[in-house]
Amino acid sequence: MEALHLINSDNQAPAHPEVVAALLEANAGSAPSYGACRWSRAFEECVRTHFGPQASAWPVFNGTAANVLSIAALLRPHEAVLCARGAHIEIDECGAPERYSGSKLILVESEHGKLSPSLVKRAIHSIGDIHRVQPRMLSISNSTECGTVYQPAEVQALAQFCREHALYLHIDGARISNAAASAGTGLGEMVDGADVLSLGGTKNGLFGAEAVVFLKPGLDAAFGYQRKQGMQLASKHRFLAAQLSALYGTDLWRRNAQRANQLARRLAEALLDAPGLRITHPVEANAVFALLPSAAVQDLQQRWGFHVWDEFSGEVRWMCAWNGTEAMIDAFAQDVRTTLVRHTQHH
Ligand SMILES: Cc1ncc(COP(=O)(O)O)c(C=O)c1O
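Residues numbered from 1 in each chain as written. Predicted model: local features only at pLDDT ≥ 70, side-chain atom pairs only at ≥ 80, totals over all residues.

Draft legend 1. Representation of the site of the ligand within the structure. Close to the ligand lie N62, G63, T64, H88, S141, E145, D172, A174 and T202. Considered class by class, the residues forming the shell around the ligand number one nonpolar, six polar and two charged. (Near = placed C-beta within 6 Å. Nonpolar A, V, L, I, M, F, W, Y, C, P; charged D, E, K, R; others polar.)

Written as structure tokens, this is what we have:
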């Protein structure tokens, strides 16, 4: 594996061999299109196994679409989404949620990417004021964009808060497997009380497939049309469904996520006392965020592909994936330490 792709993003990992095998199996002969095939039925069954008999599953091509369609399906344009400042829907979807759903995003200051009822409460006001958008959904990411994890009890507390304030609870689960592996629970426990989940897959070993999962009955009445109008109904639906079943119909989701999480923890531990380096968020999933001198960052970037996450503070993000190895993480950690020493000596 090229060093330049090791630590940059879990999107740079390949597809897992078990996913390749599932796609080869699904590639046998002709089959019904647009979700009418047996692979689609199998994935629906797999989703009910994780999330209960009322859950319904709708594969889509990517995570932005899963988030945008979750919002668009449940909200009217004068209704707003509360989310953490820095959430993927805010900064990394090119305004697609606002453009496509018409709903405004209301940003809430988070603690290491996480929201709590007391943080969200301050953003709930002006209910019934026709001059103001009306909060109607809370969207949280688990694991978060800062690599932290909401425990099931924290999600349940937010779900209770949402019920009290007539909000839908959406979970951006692009990395829900990493969150569940970190919490040591099943996937169902991680979304207890939520209404809709963007179920990830691409970052955890697929070629590319995600799904909108409605967790409560009655929410998906028009979603077949909404997904098609949103350009996310795959004609060869079997290939999305087969990928997702390869991950969630076995324990591959957990194995892959555990591995990525373990590697991030290993990296954080190796750098804990590195001179001039500070880890900025608790390392609870597969990401490590750190501040270090910019000269060291520039030096390291020549050998390791990673980006500066926050161009103002210089904070960097290192992300581990299912295909990383201990040896590679150790080599990276060693290089970080040597580089830090070199730049400290120069000053
Ligand atoms: C928190 C989060 N949500 C959603 C996504 C999905 O993005 P994409 O539309 O690139 O699949 C990502 C990918 O980076 C993410 O980090």
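Draft legend 2. Examining the nonpolar core more closely. Residues V213, A264 and L267 are the most contacted members of the largest nonpolar core, which totals 107 residues. Take this core: its biggest share by element is nine residues, from helix α13 (residues 252-271). When residues of this core are assigned to domains, at least three fall in each of domain 1 (3-11 + 252-346) and domain 2 (16-248). Filtering out sequence-adjacent residues up to four positions away, A264 remains in contact with V283, A285, N286, A287, V288 and C320. (Core = buried A, V, L, I, M, F, W, Y, C linked by C-beta atoms within 7 Å. Buried ≥ 20, exposed ≤ 12 C-beta atoms within 10 Å, placed from the backbone. Helix = DSSP H or I, 4+ residues; strand = E, 2+ residues; numbered from the N terminus. Domains from an automatic or database assignment. Contact = placed C-beta atoms within 7 Å.)

Draft legend 3. Spatial organisation of the sheet that holds strand β4 (residues 134-141). The mixed open sheet is built from seven strands, whose spatial order is β1-β7-β6-β5-β4-β2-β3. Looking at which strands have only one partner, the edges of the open sheet turn out to be β1 (56-60) and β3 (105-108). Between one strand and the next, the sheet's axes are offset by a mean angle of 25°, whatever the strand orientation. Both strand β6 (residues 196-199) and strand β7 (residues 210-214) contribute to a ladder of four bridges, which runs antiparallel. By the bridge assignment for β7, S198 is matched with V212. (Pairing = 2+ DSSP bridges. Axes fitted to C-alpha atoms, helices over the stretch in contact; angles between N-to-C directions.)

Draft legend 4. Examining the packing of helix α3 (residues 38-51) against helix α12 (residues 237-248) more closely. Where α3 contacts α12, the axes come no closer than 8 Å and their chain directions differ by 35°. Along this stretch, α3 crosses α12, giving a crossing that reads as left-handed. Residues W39, S40, A42, F43, C46 and H50 of α3 pack against H237, R238, A241, A242, L244, S245 and Y248 of α12. Looking at the contact of α3 with α12 residue by residue, the class counts come to eight nonpolar, four polar and one charged. (Left-handed = near helix turned anticlockwise from the far one by under 90°.)

Draft legend 5. Seen up close, the environment of G102. Within the fold, G102 resides in the loop between α6 (96-101) and β3. Classification of G102 by C-beta neighbours within 10 Å gives partly exposed; the count is 14. Taking C-alpha positions, G102 is 7.9 Å from A72, a pair spaced 30 residues apart along the chain.

Draft legend 6. Just the packing of helix α2 (residues 17-26) against α12, in detail. Where α2 contacts α12, the two axes come as close as 9 Å, and the packing angle between them is 140°. On the basis of their axis angle, the class for α2 and α12 is oblique. The way α2 lies across α12 gives a crossing that is right-handed. The residues of α12 that touch α2, namely those facing E18, V19, A22, L23 and A26, are R238, F239, A242, Q243, S245, A246 and L247. For the contact of α2 with α12, a count of residues per class yields eight nonpolar, two polar and two charged. (Parallel < 35°, antiparallel > 145°, perpendicular 65-115°, else oblique.)

Draft legend 7. A look at the domain arrangement of the protein chain. For the protein chain, the domain assignment lists domain 1 (3-11 + 252-346) and domain 2 (16-248). On a C-alpha basis, the centroid separation for the pair domain 1 and domain 2 is 28 Å. Facing 20 residues of domain 1, the contacting portion of domain 2 comprises 21 residues. Among the elements of the structure, α13 and β9 (287-291) are those that each provide at least two residues to the side of domain 1 that touches domain 2. If one sorts the elements of the side of domain 1 that touches domain 2 by residue count, α13 sits on top with eight residues. In terms of residue class, the side of domain 1 that touches domain 2 is built from eleven nonpolar, six polar and three charged.

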